[in-house]
Amino acid sequence: MEGVIDLRVRPPYKSWLNVFLFAHKEWTLPITTQMGFEPPRSYVEGSMALLLQELRESGVTHAVIPGNHALKPESVGAPPGTSPSELLEIVPNEEIRDVLRQHPDVFVAGIAAVDPSEPDALSQIEQAVREWGFRGVAIDPGLGIQPMYPDDRRLFPIYDTCVQLEVPVLIKISHQM
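Scoring rules and cut-offs
- Residues numbered from 1 in each chain as written.
- Predicted model: local features only at pLDDT ≥ 70, side-chain atom pairs only at ≥ 80, totals over all residues.
- Heavy atoms only, no water.
- Helix = DSSP H or I, 4+ residues; strand = E, 2+ residues; numbered from the N terminus.
- Rg over C-alpha atoms; globule rule 2.2 N^0.38 Å.
- Buried < 20%, exposed > 50% of the residue type's maximum accessible area, 1.4 Å probe, protein only.
- Phe/Tyr/Trp six-rings, centres within 6.5 Å; stacked < 30°, edge-to-face > 60°.
- Lys NZ or Arg CZ within 6 Å of the ring centre and 35° of its normal.
- Core = buried A, V, L, I, M, F, W, Y, C linked by side-chain atoms within 4.5 Å.
- Contact = heavy atoms within 4.5 Å.
- Salt bridge = Lys/Arg side-chain N within 4 Å of Asp/Glu carboxyl O.

Draft legend 1. Broad picture of the overall build of the chain. A count of helices and strands for the chain gives 8 helices and 7 strands. Rg of the C-alpha trace for the chain: 17 Å, near the compact-globule value of 16 Å for 177 residues, within the 12% margin. By its C-alpha atoms, the chain is 45 × 40 × 25 Å across when sized along the principal axes. Looking at the chain as a whole, 45% of its 177 residues are labelled buried.

The following block contains the structure:
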């Protein structure tokens, strides 16, 4: 495989459009421009076609999509009893699988995201890797429903499963840590 590989693409597709990055452009766009960057049109317009065009034009030949399963930044201070669905930013692994299938020439790998506290986290990992061909697992232990540090023993079954499946673990360390 030759060319540039982008290892962390967040495509403007279905649930991705609901994550903070896309859903709160009133906050994210000014930061981008203050840093001296022009935001990509694909981001501003939420267009997958423009993203594919921008990747080609910038020399990116392949891309990897890591999943997302973490607390929403705006969930801090939510009242007790708020449902997990209201607190979490989730991009279902099925949606990543769908993008991989729709554009296999560009998107060459998916990284499954799981909430380590979910009882079926291990089966989600196995399905994503064995059935859908995902090449890794992403966790954000500090931003789960049950926050934990990366060396928390409750994560060891995830690490063990990934070792058995011979896939890496992408540990996202949130700003809350």
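Picking up after the structure, the text goes on.
Draft legend 2. Quick peek at the packing of aromatic side chains. Here the structure, examined in full by the defined rule, presents 4 aromatic pairs. Centre to centre, the rings of phenylalanine 22 and tyrosine 43 are 5.3 Å apart; their planes meet at 45°, and the pair counts as tilted. A residue pair is termed long-range when its members are at least 10 positions apart, and phenylalanine 22 in helix H1 (residues 20–23) and tyrosine 43 in helix H3 (residues 41–45) qualify at 21 residues. Residue phenylalanine 22 is classed as buried on the basis of its relative accessible area of 8%. One cation-aromatic arrangement involves lysine 25 over tyrosine 43; the distance from NZ or CZ to the ring centre is 5.1 Å. Over the ring of tryptophan 132 we find arginine 97; its NZ or CZ atom is 4.7 Å from the centre of that ring.

Draft legend 3. Summary view of the nonpolar core. Within the largest apolar cluster, 23 residues are counted, with the highest numbers of intra-cluster contacts made by Met48, Phe107 and Phe134. Looking at this core, the elements with two or more residues in it are helix H4 (48–57), strand S2 (60–66), helix H6 (93–102) and strand S5 (107–113). Top element by residues in this core is H4. It accounts for 4 residues. If we skip the residues at most four places from it in the chain, methionine 48 touches Pro11, Pro12, Tyr13, Val99, His103 and Phe107.

Draft legend 4. Spotlight on the pattern of salt bridges. Under the definition given, this model contains 4 salt bridges. Two residues, glutamate 45 and arginine 41, come together in a salt bridge whose shortest N-O distance is 3.1 Å. With glutamate 45 and arginine 41 both in helix H3 and 4 residues apart, this pair spans about one turn of that helix. Across the salt bridge formed by arginine 97 and aspartate 98, the nearest N and O atoms sit 3.0 Å from each other.

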